[in-house]
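What follows is the residue order along each chain.
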Amino acid sequence: MNYKLTIAEKIAKATELNVDDVQKLIEIPPKPEMGDFAFPCFQLAKVFRKAPNIIAQELSEKIDKEGLEKVETVGGYLNFFVDKASFSKGVIEKVLTEKESYGHSSIGEGKTVTIDFSSPNIAKPFHVGHLCSTAIGNSLYKILSSQGYNCVGINHLGDWGTQFGKLIAAYERWVDEEALEKEPIKELLRIYVKFHDEAEKDPSLEDIARQHFKNLEDGCEKEVKLWQKIKDVSLMEFNRIYDMLNIKFDSYAGESFYNDKMDAVVEELKEKNLLVESKGAQVVNLDEYNMPPCIILKADGASIYATRDLAAAIYRKKTYDFYKNIYVVGMDQSLHFKQVFTTLKLMGYDWADNCVHVGFGLVKFADKKLSTRKGDVIFLEDLLNEGIARAKQAIEEKNPSLENKDEVAKRLVLVQ
Ligand code: ARG
């Protein structure tokens, strides 16, 4: 029910004013004690040749109170209090009759929205920050779908980048195949952490890792095979979590998907005179926008995260012709997205304005940011299981006679 309209109709009836004009004047009071809607009578003083508080007083007596708890006058204002019981009844009745389609609309019909969410990194744990992105992204997907938008859920997997050179170097030296079989992400994390420890003592390992990544970019068989294996075992773990949360994606085109699409982006940037050299790297200067440059190619010629995001945005526009292109990623990446969107705009793509970063706060524990490199992580599965255990404990205390405690605890945490 549109209360604003209903109240405007009541006022219009009592004053013989036009409903649209009345509606424009209705305000939402700054405090709930002042009611749900307010009608200022000041502008009517001239029309009725009376003081605003008198007009408010007279109106309050005349007005039809059906559906309202009360109408109060405060100075020249008429404050309306909606009857919450009848409002709730109305909502519940509507939900019961309209069922699944309650709240649906078709405002988005014919428009596609791409939603990049979850997007964990291969060989690294699916952490609580990814859980935020997964939950927010999936909710946006459902909300926008309910409004008629055609949604495309994209899991932009972090499956490319120099860290794979490090992982391959670490894999060749230290992997324990048995442990990898049992708990792949834990083992991959262990060798990744070990790589950083060892590279501190022996920096030449960094060069070896760089070479491995270069080989991977060039499609060398050994590197591609190892990378595929790392990707497969990681995805198996991630899918367990998605199954647990009942979440699906329409596309798993991750960073590696853009490997063969980045040269074209670099060429285009060159053609448009946007690339400049800085300390051996190729960058887009963003001084004018008060931002550090957007790095496109590192000094060794390797592409980076931003290059892949440029290629991905262009690909998404071509493939889906999106109306909005949404990224659900932590706030710590807001500069990255600003740089990417600004670069797209500089390339002449006006649709860059339709790219949106939906950020959320940094997930911190005991005042420290989680750093995978230091092995400083909380595994999401452990976190969810801990949540379920605590929910069950609370049920044991508060409702010991409940029959299906396990089931209820699980539903509470996983919102199923
Ligand atoms: N893999 C990234 C991370 O875990 C998030 C990717 C978000 N999406 C994107 N198109 N950059 O931090």
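Above this text you will find the structure in question.
Below: a short report on this structure. (Residues numbered from 1 in each chain as written. Predicted model: local features only at pLDDT ≥ 70, side-chain atom pairs only at ≥ 80, totals over all residues. Heavy atoms only, no water.)

### Thoughts on helix H1 (residues 3-15)
Compared with an ideal rise of 1.5 Å per residue, which puts 13 residues at 18 Å, H1 spans 18 Å between its outermost C-alpha atoms and is within 8% of the ideal. All of the buried residues in H1 are Tyr3, Ile7, Ala8, Lys10, Ile11, Ala12, Ala14 and Thr15. In this structure Asn2 caps H1, since a side-chain oxygen of it lies 3.2 Å from the backbone nitrogen of Lys4. Within two residues after H1, Glu16 carries a phi angle of roughly 65 degrees, on the positive side. (Helix = DSSP H or I, 4+ residues; strand = E, 2+ residues; numbered from the N terminus. Expected span 1.5 Å × (residues − 1). Buried < 20%, exposed > 50% of the residue type's maximum accessible area, 1.4 Å probe, protein only. Polar contact = N/O pair within 3.5 Å; in protein donor to acceptor, adjacent residues only side chain to side chain.)

### Remarks on the site of the ligand
Around the ligand sit Asp116, Ser119, Asn121, His130, His156, Tyr305, Asp309, Tyr327, Val329, Gln333 and Phe337, and that is every residue in its neighbourhood. Taking Asn121, its side chain carries an N or O atom lying 2.6 Å from a nitrogen atom of the ligand. Gln333 places a side-chain nitrogen or oxygen 2.8 Å from an oxygen atom of the ligand. Protein contact buries 90% of the 350 Å² of open area that the ligand shows by itself. Split into classes, the residues belonging to the shell around the ligand amount to four nonpolar, five polar and two charged. (Near = heavy atom within 4 Å. Areas by Shrake-Rupley, 256 points an atom, 1.4 Å probe, with all protein chains shown as cover. Nonpolar A, V, L, I, M, F, W, Y, C, P; charged D, E, K, R; others polar.)

### Some remarks on the packing of aromatic side chains
If you walk through the whole model with that rule in mind, you get 18 aromatic pairs. Between Phe117 and Phe249, the ring centres sit 4.8 Å apart and the planes meet at 35 degrees, which makes this aromatic pair tilted. On the criterion of sequence distance, the pair formed by Phe117 in the loop between strand E4 (112-116) and helix H6 (128-146) and Phe249 in the loop between helix H11 (221-245) and helix H12 (262-271) is long-range, its members being 132 residues apart. Residue classification places Phe117 among the buried positions, given a relative accessible area of 0%. For the ring pair Phe249 and Tyr252, a centre distance of 5.5 Å and an interplane angle of 65 degrees mean the geometry is edge-to-face. According to the relative accessible area criterion, Phe249 is buried, its value standing at 10%. Among the aromatic residues, those joined into a ring-pair cluster are Phe117, Phe126, Phe238, Tyr242, Phe249 and Tyr252. Note that Lys111 overlies the ring of Tyr323, its terminal NZ or CZ placed 4.8 Å from the centroid. Lying over the aromatic face of Phe322, Lys317 brings its terminal NZ or CZ to 4.8 Å of the ring centre. (Phe/Tyr/Trp six-rings, centres within 6.5 Å; stacked < 30°, edge-to-face > 60°. Lys NZ or Arg CZ within 6 Å of the ring centre and 35° of its normal.)

### Thoughts on the pattern of salt bridges
Under the counting rule described, the total for this entry stands at 26 salt bridges. A salt bridge links Lys50 to Glu58; the nearest nitrogen and oxygen atoms lie 2.8 Å apart. Judged by relative accessible area, Lys50 falls into the partly exposed class, the value being 35%. A salt bridge links Glu407 to Arg411; its shortest N-O distance comes to 3.6 Å. Of this pair, Glu407 and Arg411 both sit in helix H16 (residues 405-414), separated by four residues, roughly a single helical turn. Taken together, the shared-partner salt bridges in this structure form one network comprising Lys194, Glu198 and Lys201. (Salt bridge = Lys/Arg side-chain N within 4 Å of Asp/Glu carboxyl O.)

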